[in-house]
Amino acid sequence: MGLSNSKVLSFMNENALIDDVSLKFGVIGAGQKGNKDADIFAGYTYANGSQIYPTIAVNFSKTDMMHLKNIPEDDRIYFKGFKGAARTPSVVVETFDPEINPDAHILRNQLAEVMERKFGHVEHLIICAGAGGGFGTGFISLVLSLIKENFFPVPITLLLSLPFDDPTEMSNAILLMSEINEFIKLQDELFGPGDIKPLASVILTDNKKLFNDFSNKKDHRIHNDSLISWKDLGNDAIISTIHEVNVIPANFGSDNITYDPSDFVKLFQLSGKFLSIHKANIKPPYDVEDLKVLMKNSIMRGYFACDHNYDTATMYGGFVLRPSSATIFKDVKTEQTIKQVIRDFNDTAQGKYGDPIWHESYAVVYTMFAGMIMPNRVVEMTNEYHEILEKQKRIKAKEIEVNIESAMEAVANSSFNPYQKRGGNRFGSSGAAGTVGSVFKRKQTAGTSSNTDEQTDQQTQPAEKETKNKFGSGSINAWEKWKQLQGR
């Protein structure tokens with residue numbers, strides 16, 4: 001039985017209902033956060049027990065991957081010689097950059113060979129990462145560069161979590177989001193509205209919202225004695241929702257309006273911008289006003305909300321997974337209500353809303369918006385970051401005046417006077433001051449990377465042959481125009 005980390009999936013797995021998917025994803029988890037997300041994807045199976053999503057975890061830290069449950073060790077890609085990126089994305093970018101690291105091609109080939117082995121039959125890749133970490137953030141920046149080099153033969157969706165509170169992570173995330181935004185603008189110049197985009201979509205989740213939501217649940221009386229891990233529960237809710245919108249169109253039909261797999265593929269692969277997914281459960285007795293309220297709440301307050309600019313979406317999609325006996329979902333009033341909710345958020349986007357049937361006692365509403373500009377949460381996070389910096393500056397500038405006259409008098413009258421000049425030292429007899437050679441003083445030589453001895457050993461090995469695989473082959477020429485535009 002496959003991973004059942006939502007109520008919806010529990011029912012589907014118990015009744016062996018998952019035989020197909022709308023889009024054949026492969027999944028890469030980069031860094032600690034991305035590894036955890038990918039590990040959830042790796043646990044999903046078809047009714048026959050076979051894995052749905054080929055998955056790999058990629059990291060500079062072996063220990064980050066030690067506790068993964070569903071990704072075997074052979075699919076945990078660790079680049080020998082590294083022990084983490086210390087929340088410094090530059091380490092990753094520089095290591096894979098041939099202009100900085102002469103052995104970058106060895107690491108690139110290692111990555112390409114693994115991807116060819118795992119993803120030879122996938123139609124799309126989801127790359128998961130925390131937007132504020134070290135390896136994950138640097139890897140996403142690397143991915144954007146590799147897309148321009150035609151490294152990937154299939155479209156990419158980025159699944160990123162936004163940090164909060166920690167200024168280093170926030171700074172990393174702000175820079176990464178800016179880079180993604182500039183990439184999207186460039187992509188818009190090169191590809192038309194009906195083209196499948198190399199960067200197909202970007203999905204964001206907000207750690208601040210997850211933390212606050214689960215903190216509020218913990219404060220509720222009935223959960224006082226329950227263990228609530230906002231990270232684990234949040235990851236389950238996010239990944240299971242993406243999985244559900246992929247499997248439902250491929251396994252559940254309708255006697256009214258079908259939302260089929262091609263509708264889902266179009267939404268995921270044509271937008272080339274920010275995409276959000278929203279989910280709400282509806283219990284009987286069913287009422288159109290309840291449907292309206294729950295739909296709106298899921299869009300505005302759900303885990304994928306991020307204060308998106310829904311009015312900029314170019315496409316929408318979704319469906320009500322409805323009980324076979326709930327005929328209210330075939331009523332014209334219900335259809336009017338759903339369309340009105342969509343129009344309230346965006347009255348120009350094109351799309352479709354279906355109503356597949358299942359045999360549970362409650363309904364589930366899924367709504368998706370695609371093609372949006374960068375969400376307002378990124379701007380808000382940037383403002384929060386500047387507030388933290390200003391607070392730090394004020395603290396550093398703070399001075400306290402202390403009257404030390406009485407204390408100095410007491411010291412002067414004491415037989416022990418720490419201010420009395422002493423003779424030469426017995427230990428380190430030069431008496432030199434300062435912290436020359438401090439372990440915290442970082443030295444870098446231009447054109448070199450800060451490698452460990454183990455990595456240096458690796459780099460002395462003979463250069464490997466260039467990869468001939470689809471991944472990294474540069475066989476797709478979609479970016480030739482971009483290379484020409486660089487001369488502008």
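Residues numbered from 1 in each chain as written. Predicted model: local features only at pLDDT ≥ 70, side-chain atom pairs only at ≥ 80, totals over all residues. Heavy atoms only, no water.

Caption draft 1: Structural detail: the overall build of the protein chain. Helix and strand counts for the protein chain come out as 15 helices and 11 strands. Among the 488 residues that make up the protein chain, the fraction classed as buried is 47%. Sequence separation of at least 24 residues holds for 81% of the intrachain contacts in the protein chain that already meet a minimum separation of 6. (Helix = DSSP H or I, 4+ residues; strand = E, 2+ residues; numbered from the N terminus. Buried < 20%, exposed > 50% of the residue type's maximum accessible area, 1.4 Å probe, protein only. Contact = heavy atoms within 4.5 Å.)

Caption draft 2: Structural context of the packing of helix H6 (residues 167–190) against helix H12 (residues 376–397). Between H6 and H12, the least distance of the axes is 10 Å, while the angle of their chain directions is 140°. Between H6 and H12, the interaxial angle falls into the category oblique. Of the two elements, H6 crosses H12, and the hand of that crossing is left-handed. Contacts from Pro-167, Met-170, Ser-171, Ala-173, Ile-174 and Met-177 of H6 reach H12 at Val-378, Met-381, Thr-382, Glu-384, Tyr-385, Ile-388 and Gln-392. (Axes fitted to C-alpha atoms, helices over the stretch in contact; angles between N-to-C directions. Parallel < 35°, antiparallel > 145°, perpendicular 65-115°, else oblique. Left-handed = near helix turned anticlockwise from the far one by under 90°.)

Caption draft 3: Structural detail: the pairing of strand E8 (residues 315–323). Among the nine residues of E8, nine are classified as buried, and the element is accordingly described as predominantly covered. Across the two faces of E8 the burial is the same, with Met-315, Gly-317, Phe-319, Leu-321 and Pro-323 and Tyr-316, Gly-318, Val-320 and Arg-322 all buried. Across five bridges, E8 lies against strand E9 (residues 350–354) in parallel orientation. The residue of E9 that forms the bridge with Phe-319 is Gly-354. With respect to chirality, the unit in which E8 leads through helix H11 (residues 332–345) into the neighbouring parallel E9 is right-handed. Strand direction decides the pairing type here: E8 and strand E11 (residues 363–372), joined by seven bridges, are antiparallel. (Pairing = 2+ DSSP bridges. Right-handed = clockwise from strand over helix to strand, strands pointing away.)

Caption draft 4: Inspection of the packing of aromatic side chains at higher detail. Under the criterion given, the structure shown has 23 aromatic pairs. Judged by centre distance (5.1 Å) and plane angle (70°), the ring pair of Phe-11 and Trp-358 falls under edge-to-face. Of this pair, Phe-11 sits in helix H1 (residues 7–14) while Trp-358 sits in strand E10 (residues 357–358), and the two are 347 residues apart along the sequence. The exposure class assigned to Trp-358 is buried, which follows from its relative accessible area of 1%. Measuring from ring centre to ring centre gives 5.4 Å for Tyr-310 and Phe-345, while their planes differ by 75°; the resulting arrangement is edge-to-face. Of the two residues, Tyr-310 sits in the loop between helix H10 (288–301) and E8 while Phe-345 sits in helix H11, which places them 35 residues apart along the sequence. An identical accessibility class is assigned to Tyr-310 and Phe-345; each is buried. (Phe/Tyr/Trp six-rings, centres within 6.5 Å; stacked < 30°, edge-to-face > 60°.)

Caption draft 5: The arrangement of the nonpolar core in detail. Counting residues in each nonpolar core, the largest one holds 129 residues, and the members touching the most others are Leu-160 and Ile-180. Once you skip the residues sitting within four places of it in the chain, Leu-160 turns out to touch Ala-129, Ala-131, Ile-140, Leu-176, Met-177, Ile-180, Val-202, Ile-203, Leu-204 and Thr-205. (Core = buried A, V, L, I, M, F, W, Y, C linked by side-chain atoms within 4.5 Å.)

Caption draft 6: Seen up close, the pattern of salt bridges. Across all of its chains, the model carries 20 salt bridges by this definition. The partner of Arg-108 in a salt bridge is Glu-149, with the nearest N and O atoms 2.7 Å apart. One end of the pair, Arg-108, is in helix H4 (residues 104–119); the other, Glu-149, is in the loop between helix H5 (135–148) and strand E5 (156–162), and 41 residues separate them in sequence. A relative accessible area of 16% means that Arg-108 is categorised as buried. Note that Asp-255 and Arg-322 form a salt bridge whose closest N and O atoms lie 2.4 Å from each other. Taken together, the residues span a long stretch of sequence, with Asp-255 in the loop between helix H8 (230–251) and helix H9 (261–270) and Arg-322 in strand E8 at a distance of 67 residues. Owing to a relative accessible area of 0%, Arg-322 belongs among the buried residues under this scheme. By sharing partners, the salt bridges in this structure join Asp-206, Lys-208, Arg-377, Glu-380 and Glu-384 into a single network. (Salt bridge = Lys/Arg side-chain N within 4 Å of Asp/Glu carboxyl O.)

Caption draft 7: A look at the environment of Gly-351. Tracing the backbone through its elements, the reader meets Gly-351 in strand E9. The exposure class assigned to Gly-351 is partly exposed, which follows from its relative accessible area of 45%. A C-alpha to C-alpha distance of 8.4 Å links Gly-351 and Leu-267, two positions 84 residues apart in sequence.

Caption draft 8: Fine view of the side chain of Asn-5. Within the secondary structure, Asn-5 sits in the segment before H1. At a separation of 2.9 Å, a polar atom in the side chain of Asn-5 contacts the side chain of Tyr-44. For Asn-5, the side chain forms a polar contact with the side chain of Asp-236, separated by 3.1 Å. Setting aside residues no more than four positions away along its own chain, Asn-5 makes contact with Ile-40, Tyr-44, Asp-236 and Ser-240. (Polar contact = N/O pair within 3.5 Å; in protein donor to acceptor, adjacent residues only side chain to side chain.)

Caption draft 9: Spatial organisation of the confidence of the model for the protein chain. Averaged over every residue, the pLDDT of the protein chain is 84; residues scoring 70 or more account for 79%. Scored below 50 in pLDDT, residues 416–468 makes 41 contacts in the model with residues more than four places away or belonging to other chains. (pLDDT = per-residue confidence, 0-100.)

Caption draft 10: Quick peek at unusual backbone geometry. Following Pro-284, the chain continues to Pro-285 via a peptide bond in cis, the omega torsion being 0°. In this fold, Pro-285 is placed in the loop between strand E7 (273–282) and H10. Unusually for a residue other than glycine, Ala-16 sits at a positive phi of about 50°. Along the chain, the position of Ala-16 falls in the loop between H1 and strand E1 (25–30). Relative accessible area serves as the criterion here: at 42%, Ala-16 is assigned to the partly exposed category. Its identity is not glycine, yet Cys-306 carries a phi of approximately 55°, on the positive side. Given the relative accessible area of 5%, Cys-306 is considered buried.

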